[in-house]
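# Coordinates in review
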Amino acid sequence: MNFELKALDLNALANDKSDAIIVLLADGFKPGKDKISALIAQVSKSGDLPVKAGKTLAVYHPALLGTPRLVLASIGDGSAKQTRNGINAAMASVKAVEAKKVTVAFTHAANAAALRAVVQGVADNTYSYTTTKSKGEPRKLTHVQIASSNAAALNSVFDRAVAIVTGVEVAKEWANRPANHATPTLLGKAAQALAKHPKISCQVLGPKEVAKLGMGSFMAVAQGSDEPLRFIVLQYNGAAKAKAPTVLVGKGITFDSGGISIKPAGEMDEMKFDMSGAASVLGVFATLAELKPAINVVGLIPSCENLINGRAVKPGDVVTSMSGQTIEILNTDAEGRLVLCDALTYAERFKPAAVIDIATLTGACVVALGNVRSGMFCADDAMAKALIAAGETAQDLCWQLPLDDEYADGLKTHFADVANVAGRAGGAISAAKFLQRFTEKKYPWAHLDIAGTAWKSGAAKGATGRPVGLLVEFLTK
Ligand code: BES
Ligand code: MN
Ligand code: ZN
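Before going into details, it helps to say that this report is about the structure given with it.

What counts as what
- Residues numbered from 1 in each chain as written.
- Chains lettered and ligands numbered in written order.
- Predicted model: local features only at pLDDT ≥ 70, side-chain atom pairs only at ≥ 80, totals over all residues.
- Heavy atoms only, no water.
- Donors = N, O, S within 2.8 Å, 3.2 Å for Na, K, Ca; no water.
- Tetrahedral: all angles 85-135°; square planar, octahedral: opposite > 155°, others 65-115°.
- Salt bridge = Lys/Arg side-chain N within 4 Å of Asp/Glu carboxyl O.
- Helix = DSSP H or I, 4+ residues; strand = E, 2+ residues; numbered from the N terminus.
- Buried < 20%, exposed > 50% of the residue type's maximum accessible area, 1.4 Å probe, protein only.
- Pairing = 2+ DSSP bridges.
- Axes fitted to C-alpha atoms, helices over the stretch in contact; angles between N-to-C directions.
- Contact = heavy atoms within 4.5 Å.
- Near = heavy atom within 4 Å.
- Polar contact = N/O pair within 3.5 Å; in protein donor to acceptor, adjacent residues only side chain to side chain.
- Areas by Shrake-Rupley, 256 points an atom, 1.4 Å probe, with all protein chains shown as cover.
- Nonpolar A, V, L, I, M, F, W, Y, C, P; charged D, E, K, R; others polar.
- Disulfide = S-S within 2.5 Å.
- Core = buried A, V, L, I, M, F, W, Y, C linked by side-chain atoms within 4.5 Å.
- Expected span 1.5 Å × (residues − 1).

At the metal site, the manganese ion (ligand 2) is ligated by D256 (OD), D333 (O), D333 (OD) and E335 (OE), and these contacts range over 2.0 to 2.2 Å. Of note is the manganese ion (ligand 2), whose six donor atoms meet at the metal with angles of 71 to 168 degrees in an arrangement that counts as irregular. Mapping the donors of the manganese ion (ligand 2) onto the primary sequence gives the spacing D-x76-D-x1-E. Here the manganese ion (ligand 2) and the zinc ion (ligand 3) are spaced 3.1 Å apart, and both take D256 as a donor.

Within the protein, the atoms that donate to the zinc ion (ligand 3) are K251 (NZ), D256 (OD), D274 (OD) and E335 (OE), at distances of 2.0 to 2.4 Å. Every donor counted, the six donor atoms about the zinc ion (ligand 3) form angles of 79 to 176 degrees at the centre, which fits octahedral coordination. Between consecutive donors of the zinc ion (ligand 3), the numbers of intervening residues give the motif K-x4-D-x17-D-x60-E.

A few words on the pattern of salt bridges. Overall, the coordinates contain 19 salt bridges when judged by the stated rule. Across the pair E473 and R160 runs a salt bridge whose closest N-O atoms are separated by 2.5 Å. In this pair, E473 sits in helix α14 (residues 468-476) while R160 sits in helix α5 (residues 155-176), placing the two residues 313 residues apart along the sequence. Judged by its relative accessible area of 7%, E473 is buried. Between K251 and E335 there is a salt bridge, and its shortest N-O distance comes to 3.1 Å. Of this pair, K251 sits in the loop between β9 (246-250) and β10 (252-256) while E335 sits in the loop between β13 (326-329) and α10 (336-347), placing them 84 residues apart in sequence.

Taken together, six strands build an open sheet; the order of strands is β1-β6-β5-β2-β4-β3 and the sheet is mixed. Two strands close off the open sheet at either side, each with one partner strand: β1 (2-6) and β3 (56-60). Here the strands of the sheet are splayed against their neighbours by 15 degrees on average, with no regard to which way each runs. Note that β1 and strand β6 (residues 143-147) share five bridges and pair parallel. Residue pairing for β6: K6 is matched across the bridge by A147.

What follows is about helix α6 (residues 184-194). Taken together, the buried positions of α6 are P184, T185, L187, G188, A190, A191 and L194. Residues of α6 that are buried make contact with α5, β7 (200-205), β8 (230-237), β10, α9 (276-291) and β11 (296-306).

Neighbouring residues of ligand 1: 16 residues in total, closest K263, D274, D333, E335 and G363. In the model, an oxygen atom of ligand 1 is placed 2.8 Å from a nitrogen or oxygen of the K263 side chain. In isolation ligand 1 has 510 Å² of accessible area, and contact with the protein removes 77% of it. By residue class, the composition of the shell around ligand 1 is five nonpolar, four polar and seven charged.

In this structure the tally under the stated criterion is zero disulfides. C304 forms no disulfide, and the closest cysteine sulfur to it belongs to C341, at a distance of 12 Å.

Ranked by size, the top nonpolar core spans 56 residues in total, and within it L248, L282, I356 and L448 carry the most contacts. Among the elements that line this core, the one with the most residues is α9, at nine residues. If sequence neighbours within four positions are ignored, L248 has contacts with V281, V284, V297, V298, G299, L300, I356, I358, L471 and L475. M215, A220, A359 and W445 belong to the second-largest nonpolar core, a separate cluster that totals 48 residues.

Within the element layout of this structure, R139 appears in the loop between α4 (112-126) and β6. For R139, a relative accessible area of 21% corresponds to the partly exposed category. For the pair R139 and M1, spaced 138 residues apart in sequence, the C-alpha to C-alpha distance is 8.3 Å. Within polar-contact distance, the side chain of R139 engages the side chain of T126 at 3.0 Å. Side chain to side chain, R139 and E169 meet in a polar contact 2.8 Å long.

Right, let's get into the environment of I87. Of note, I87 is situated in helix α3 (residues 80-96). What makes I87 buried here is its relative accessible area of 0%. Sequence separation between I87 and T56 is 31 residues, and the spatial gap between their C-alpha atoms is 9.4 Å. Once residues within four sequence positions are removed from consideration, I87 is found in contact with L24, V104, V118, G121, V122 and N125.

The next point concerns α3. Taking 1.5 Å per residue, 17 residues should reach 24 Å; α3 reaches 24 Å between its end C-alpha atoms and fits that length. Buried within α3 we find A80, T83, G86, I87, A90, M91 and V94. At its buried positions, α3 is contacted by β2 (20-25), β3, β4 (69-74), β5 (101-106) and α4. The positive-phi residue at the C-terminal boundary of α3 is E98, with phi of around 55 degrees.

What follows covers unusual backbone geometry. Cis geometry marks the peptide bond from R466 to P467, where omega comes out at 0 degrees. Looking at the element boundaries, P467 is found in the loop between β20 (462-463) and α14. Not every positive phi belongs to a glycine, and L64 is a case in point at roughly 75 degrees. Within the element layout of this structure, L64 appears in the loop between β3 and β4. We note that Q395 has phi near 50 degrees; this positive angle belongs to a residue other than glycine. Assignment of secondary structure puts Q395 in the loop between α12 (381-394) and β16 (398-400).

Following this line, the structure appears as structure tokens:
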């Protein structure tokens, strides 16, 4: 799908031969003297003009215009949110007619947030997963032309939005793939493919190397599966070598059965999405490859399955993490923190400016925040603020949750330095407190719990590609 941003006005669009032209009408729109405005004035006179964000009116074979379909879509106050509502509704009619070339026209000078909402909205509404279907139907839309009078001023925002779409779609693809088509080995190969880009390098470690590093916690999760683990190290070098990198750590559990603490059967298939954090790291690197910003970024992905065989880790087993801390595994279903803690220790060697882990970590976070905002934990105020702001810019929201030390009380045990679970209450927070033990005094750190935001269940079941937008915005702001 090819996006273009142009400074076309409604007058110029009268002859545009796109399969459909979507005109975004903000409150207070005043028709001009062009042919499209004349038509809008007629519609308005009949009282049929959509005036609430998300309402549309399609006009077929409008006389005197080049396009066979004109879709009028209200975007209310023109904010990112209402523009998104307008685009979602307009794309539904455009998708139904399988349009290949679409023009989306602002009738006023678009603001940056609304432009981003259009780019992401068009992409989300036409995304199609095909990999494991025998007759998958790929996206029909090939050309998207966006018209705004102030196009020149929006060029860099536009480029960033388009590059984020690339990353979001990489993340969606890998998260959507079933576990037998997205094994740790295949994730490693996907990362290696990204290293074709001159600024990206990749190293994939297997069981032997991981054992040598002493990642006893990660290995304990992996030992219940016949599928070999992978520890993926991606590096994007856009700045001088001496510049401290930001490290992203993505949870890469390609299937989470719960292990011996097995999950109930209903909806267990959704645990193929348990590598969404890893998928978002791959997505961020795909975006960096396009944007080529002058920064350094490291991506770490501890990847394995959480399954059950005769060698599987058992409740009560004590393992030694790479940090030297011993962990009593009271619940084998709290496996995400066990693979992440060793990756967080490994991150120290990069002397990072900051570390962010991204994980579908707890059902408790879904209960707390639903699927609107990701949970964000961070003891560094400036970093927390920057993450919140990045989420708002990208319309990929997060919400800060607390890290009071009392939340770690439940992790105390008589048999190891720390237990991997506390009680049910505040479960997203005690998980974050567990991770924090492996980061303290080493580097500024944030944890994003994306259990509720990385995918949708129900009719629209599938990966969302979040939080690629938030992360790219944080890294490149
Ligand atoms: N991958 C799950 C978290 C999850 C649950 C994500 C539901 C999305 C939807 C994680 O590994 C897990 O099982 N967490 C447990 C932790 C508990 C045992 C302390 C949970 O949330 O139930
Ligand atoms: Mn689990
Ligand atoms: Zn999990």
